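Each chain, written out:
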Amino acid sequence: MLESGIKNQKTITVQEKDTAAAHGSGLLPVFATPALIALMENTAMESVQPYLSEGEGTVGTRIDVKHMAATAVGGEVTCESALVEVDRRRLVFAVRAADVHGTVVGEGTHERFIVNNEKFMAKLK
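Residues numbered from 1 in each chain as written. Predicted model: local features only at pLDDT ≥ 70, side-chain atom pairs only at ≥ 80, totals over all residues. Heavy atoms only, no water.

Enquirer: What's the story with helix α2 (residues 33-48) in this structure? I'm lost.
Expert: Side chains that are three or four residues apart share a direction in an α-helix, a result of its 3.6 residues per turn. Spanning 16 residues, α2 covers 23 Å between terminal C-alpha atoms, matching the ideal 22 Å at 1.5 Å per step. When α2 is considered as a whole, its buried residues turn out to be Ala 35, Leu 36, Leu 39, Met 40, Thr 43, Ala 44, Ser 47 and Val 48. (Helix = DSSP H or I, 4+ residues; strand = E, 2+ residues; numbered from the N terminus. Expected span 1.5 Å × (residues − 1). Buried < 20%, exposed > 50% of the residue type's maximum accessible area, 1.4 Å probe, protein only.)

Enquirer: Help me understand the side chain of Asp 18 in this model?
Expert: Residue position: Asp 18 is located in the loop between β1 (7-13) and α1 (20-23). Take Asp 18: its relative accessible area is 10%, and that puts it in the buried class. Of the polar contacts made by the side chain of Asp 18, one reaches the backbone nitrogen of Gln 15; its length is 2.8 Å. Dropping the residues within four chain positions of it, Asp 18 is found in contact with Thr 13, His 23, Val 30, Phe 31, Ala 32 and Ala 35. (Polar contact = N/O pair within 3.5 Å; in protein donor to acceptor, adjacent residues only side chain to side chain. Contact = heavy atoms within 4.5 Å.)

Enquirer: Even after reading the chapter, I still don't get the nonpolar core, so can you show me in this structure?
Expert: If you look at soluble globular proteins, the nonpolar side chains tend to sit buried side by side. By size, the foremost hydrophobic cluster in this structure holds 23 residues, and its most contacted members are Leu 2, Phe 31, Val 77, Leu 91, Phe 93 and Ala 97. Looking at this core, the elements with two or more residues in it are α2, β3 (76-87), β4 (90-99) and β5 (104-116). Per element, the largest residue contribution to this core is six residues, and it comes from α2. Setting aside residues up to four positions removed in sequence, Ala 97 forms contacts with Leu 36, Met 40, Val 77, Thr 78, Cys 79, Thr 103, Val 104, Val 105 and Gly 106. (Core = buried A, V, L, I, M, F, W, Y, C linked by side-chain atoms within 4.5 Å.)

Enquirer: Looking at this structure, how should I read the sheet that holds β1?
Expert: Hydrogen bonding along the main chain pairs the strands of a sheet, whether they run parallel or antiparallel. The strand order across the open sheet formed by five strands is β1-β3-β4-β5-β2, and the pairing between neighbours is antiparallel. At either end of the open sheet lies a strand with only one pairing partner, and these are β1 and β2 (56-67). Averaged over all pairs of adjacent strands, the angle between strand axes in this sheet comes to 25 degrees, irrespective of strand direction. In terms of strand pairing, β4 meets β5 through nine bridges, oriented antiparallel. When the sheet's bridge partners are listed, Leu 91 is paired in β5 with Arg 112. Where α2 meets the sheet, it contacts β1, β2, β3, β4 and β5, and its direction lies at approximately 140 degrees from that of β1. (Pairing = 2+ DSSP bridges. Axes fitted to C-alpha atoms, helices over the stretch in contact; angles between N-to-C directions.)

Shown next as structure tokens:
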């Protein structure tokens, strides 16, 4: 059973594919906001997956994040997620990312819903 307090941490090294220029969200070769959000979603998703029943997963439904500092290619970013609310199938996480110098790159909240993977995909057909 899922309860508040589940945490996860994930570190990446920013690559060219992670830049604003590569994502089309800007022109500069710095860590893109879409890449930051993907890191946050992935960190949260991985934290709860071991607690779900077979055939279940989570889907992201909401994110409210401030991207506060730039990170160059080659820089390391560590994301931390903490499950702060469980409301039946709705999960709310606090997410925070920082660089190796301790500078906060971004922070906010992320919401996910638990789904039955097969039923979820069947709705799309």
